[in-house]
Amino acid sequence: MANILLKNGEIITMNGNGEQMVGDIYITGDTIKAIGKNLKSHPGDKVIDVTGRVIIPGFIQTHIHLCQTLFRGKGDDMELMDWLRKRIWPLEAAHDGDSIYYSALLGLGELIQSGTTTIVDMETVHHTDYALQGIAASGIRALSGKAMMDKGKEVPLPLQERTSDSIQQSVDLMEKWHGYDSGRIKYAFSPRFVVSCTEDLLKEVKTLSDRYKIHVHTHASENLGEIEIVQRETGMRNVTYLDYLGLANERLILAHCIWLDEEEKRIIRDRKVNVSHCPGSNLKLASGIAEIPHLLDKHISVSLGADGAPCNNNLDMFNEMRLAALIQKPVHGPTAMDAKTVFTMATIGGARALGMEREIGSIEVGKKADLAILNLNDFHIYPSYDVDTISRIVYSATRSDVETTIINGKIVMENKKLKTIDKSL
Ligand code: GUN
Ligand code: FE
């Protein structure tokens, strides 16, 4: 693999103290080897002039459904449970391997084009191997897993599975994909939500997660109707129930977490559970506004995700960051969620949720080279003097401002050709 030297970019990263500088980044193989001024190149290196460009850590989205990209826009009139039963489950039930593969590729193209370099993805019940083939081919870093659904009267027949099949198929996929491409792909057990899972299944997931040190990715406390079902069936609220089963720990990623009581917040904080905040989806499905400033005050791990394309229409992180900031301001005041806070959630916050804060999420020597190069010189984003770059990224940038995406040291997307300095390469 050729080494890459990025020359003279504005480096924006939320490291310990949010270091920012204009300088060079030298990438060897999959790793950032040096950051500094006037770094030297070596024969055979690809040297790219990024003068006037902004280099950021690639975005990390901690809740995505690639299998739903083909259903983009399907939902503007229903809350969660009706939307799942009437729209999404019948569509997921109609998927075959090919449609899952192309749904995944469509989503992956959009994600990479808009600077996302890592995703946590939940597939549907069947054909997950095809989505993982798409993930493998795209070059993205991912945790992914098949949805587990062994309960629910209103689940369409093709999505109903026996507990033992759900477990066995998950384990087969884990054995095939966990650790693929030197760990670029990892498996995540993905019980869809408490509503669709038996206690036997969740207990087995707990055992397997502990045995293999595998993350668990699920939805929780997204909608009041969902919470009512969980309460009726288990006598508990979502997070309390997951904790009772032993699942609440630092390997658990919980999408949404809008309606938490004090006990659930305490569990999430004490057990170091990770919350994936999906503001676009929470608005479109009328689910609610998550109390993110409150969770951050408690030092809870919060990261961001676009969820699926039907409940958002848009998988890009710029959209999620902007919404995450804007929806809190009328509720909690103008300083509640500033641009730096949401940029942190979109980068190093995601790395923390994956237990990978030493490998990804910021631009530091020794970390993986997962980067996005932005051109913020277009008229719509050009700043009046004194507006900091992170604020411009959060409030003005769009996916068309992403020029290049690098994952694991590989250029996976070049939108507009930047000048390669050494023409012999
Ligand atoms: N809860 C269970 N399944 C889903 C899903 O596919 N999308 C969302 N937003 N919530 C869910
Ligand atoms: Fe979801």
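Predicted model only: the values in this text are computed from it and were never measured.

**Here we look at the overall build of the protein chain**
Okay, so step 1: Along the protein chain, the regular secondary structure elements total 15 helices and 17 strands.
Okay, so step 2: In terms of overall size, the protein chain behaves like a compact globule, its C-alpha atoms giving a radius of gyration of 21 Å where 425 residues would be expected to give roughly 22 Å.
Okay, so step 3: C-alpha extents for the protein chain along the principal axes are approximately 65 × 45 × 35 Å.
Okay, so step 4: A burial count over the protein chain gives 51% of its 425 residues as buried.
Okay, so step 5: By sequence separation, contacts in the protein chain at least 24 residues apart represent 74% of the contacts at least 6 residues apart.

**Description of the domain arrangement of the protein chain**
It is common to give the size of an interface as the accessible area that goes away when the parts come together.
Okay, so step 1: As assigned here, the protein chain comprises domain 1 (4-57 + 363-414) and domain 2 (59-353).
Okay, so step 2: On a C-alpha basis, the centres of domain 1 and domain 2 stand 29 Å from each other.
Okay, so step 3: With 20 residues of domain 1 at the contact, the number on the domain 2 side is 22 residues.
Okay, so step 4: Of all the secondary structure elements, the ones that give two or more residues to the side of domain 1 that touches domain 2 are α15 (389-396), β16 (402-407) and β17 (410-414).
Okay, so step 5: The dominant element in the side of domain 1 that touches domain 2, judged by the number of residues it contributes, is α15, at five residues.
Okay, so step 6: Classifying every residue of the side of domain 1 that touches domain 2 gives twelve nonpolar, five polar and three charged.

**Looking at the site of ligand 1**
Okay, so step 1: Close to ligand 1 lie His65, Leu80, Leu84, Ile88, Arg192, Phe193, His219, Glu222, Ser281, Asp307, Gly308 and Cys311.
Okay, so step 2: It is helix α1 (residues 80-94) that provides the largest number of residues to the shell around ligand 1, a total of three residues.
Okay, so step 3: Split into classes, the residues belonging to the shell around ligand 1 amount to five nonpolar, four polar and three charged.

**Thoughts on the UniProt feature "domain: Amidohydrolase-related" (unreviewed entry) in the protein chain**
Okay, so step 1: As recorded in UniProt, the sites labelled "domain: Amidohydrolase-related" (unreviewed entry) are residues 54-412.
Okay, so step 2: Secondary structure content for residues 54-412 is 43% helix and 18% strand, while the C-alpha to C-alpha distance between its ends is 17 Å.

**A word on the packing of helix α4 (residues 163-177) against helix α6 (residues 199-212)**
Okay, so step 1: With their axes 10 Å apart at the nearest point, α4 and α6 run at an angle of 20° to one another. Classified by the interaxial angle, the pair formed by α4 and α6 is roughly parallel. You can see that α4 and α6 cross each other, and the crossing is right-handed. In this structure, α4 contributes Thr163, Ser166, Ile167, Val171 and Met174 to the contact, and α6 contributes Asp200, Leu201, Glu204, Leu208 and Tyr212.
Okay, so step 2: The class makeup of the residues in the contact of α4 with α6 is six nonpolar, two polar and two charged.

**With respect to the pairing of strand β6 (residues 59-64)**
Okay, so step 1: Counting buried residues along β6, six of its six residues qualify, which places the element largely inside the surrounding structure.
Okay, so step 2: With four bridges joining them, β6 and strand β7 (residues 116-122) adopt parallel strand pairing. The residue of β7 that forms the bridge with Ile60 is Thr118.

**What to know about the UniProt feature "binding site: substrate" (unreviewed entry) in the protein chain**
Okay, so step 1: According to UniProt, the feature "binding site: substrate" (unreviewed entry) maps to Glu92, Arg162, Glu222 and Asp307 in the numbering used here. A stretch of 216 residues holds the annotated residues, and the largest C-alpha distance among them is 26.2 Å, long enough that they do not meet in one place.
Okay, so step 2: Within the secondary structure, Glu92 sits in helix α1.
Okay, so step 3: With 25 C-beta atoms packed within 10 Å, Glu92 lands in the buried category.
Okay, so step 4: What Glu92 contacts, discounting residues up to four positions off in sequence, is Cys67, Thr124 and Leu159.
Okay, so step 5: Secondary-structure assignment places Asp307 in the loop between β14 (301-304) and α12 (317-332).

**Focus: the pairing of strand β2 (residues 20-28)**
Okay, so step 1: Across seven bridges, the pairing between strand β1 (residues 4-12) and β2 is antiparallel. Bridging across to β2, Ile12 finds its partner in Gln20.
Okay, so step 2: Where β2 meets strand β3 (residues 31-36), five bridges bridge the pair, whose relative direction is antiparallel. Note that in β3 the partner of Ile27 across the bridge is Ile32.
Okay, so step 3: Hairpin remark: β2 followed by β3, antiparallel, with two residues in the connecting loop; positive phi at Gly29, about 60°.

**Things to note about the confidence of the model for the protein chain**
Okay, so step 1: In the predicted model, the protein chain carries a mean pLDDT of 95, and 97% of its residues have values of at least 70.
Okay, so step 2: Note on the complex model: pTM 0.97, ipTM 0.99.

**Section: unusual backbone geometry**
Okay, so step 1: Despite not being glycine, His256 has its phi angle at roughly 90°, a positive value.
Okay, so step 2: For His299, which is not glycine, the phi torsion reads 60° and is therefore positive.
Okay, so step 3: Positionally, His299 belongs in the loop between α11 (292-297) and β14.

Reading the values: rules and limits
- Per chain, residues are indexed from 1 in the order of the written sequence.
- The order in which chains are written sets their letters, starting at A; the order in which ligands are written sets their numbers, starting at 1.
- Residues qualify for local features only when their pLDDT is at least 70, as the model is predicted, and side-chain atom pairs are given and counted only at 80 or more; totals for whole chains, interfaces and linings, by contrast, use all residues.
- By the criteria applied, helices consist of DSSP H or I runs no shorter than four residues and strands consist of E runs no shorter than two, each listed in order from the N terminus.
- We take the radius of gyration over the C-alpha atoms and set the globule estimate at 2.2 Å times the residue count to the 0.38 power.
- Burial in this document is a count-based property: other C-beta atoms within 10 Å of a residue's C-beta are tallied, and the residue is buried at 20 or more, exposed at 12 or fewer, or partly exposed in between, with C-beta positions derived from the backbone.
- We call two residues in contact whenever the C-beta atoms placed from their backbones are within 7 Å.
- What fixes the domain bounds is an automatic or database domain assignment.
- Residues are grouped as follows: Ala, Val, Leu, Ile, Met, Phe, Trp, Tyr, Cys and Pro are nonpolar; Asp, Glu, Lys and Arg are charged; every other residue, Gly included, is polar.
- Residues are classed as near a molecule or strand if the C-beta position derived from their backbone is within 6 Å of it.
- UniProt positions are given in the numbering used here, feature names are shortened, and annotations may be inferred rather than shown by experiment.
- Only the contacting stretch of a helix is used when fitting its axis, a line to C-alpha atoms as for every element, and angles between N-to-C directions run 0 to 180 degrees.
- In this scheme, roughly parallel covers angles under 35 degrees and roughly antiparallel covers those over 145, while 65 to 115 is roughly perpendicular and the rest are oblique.
- Left-handed describes a crossing whose near helix is turned anticlockwise from the far helix through less than a right angle; right-handed describes the clockwise counterpart.
- One requirement defines pairing of two strands: DSSP has to find at least two bridges between them.
- The predictor attaches a confidence to each residue, called pLDDT, with possible values from 0 through 100.

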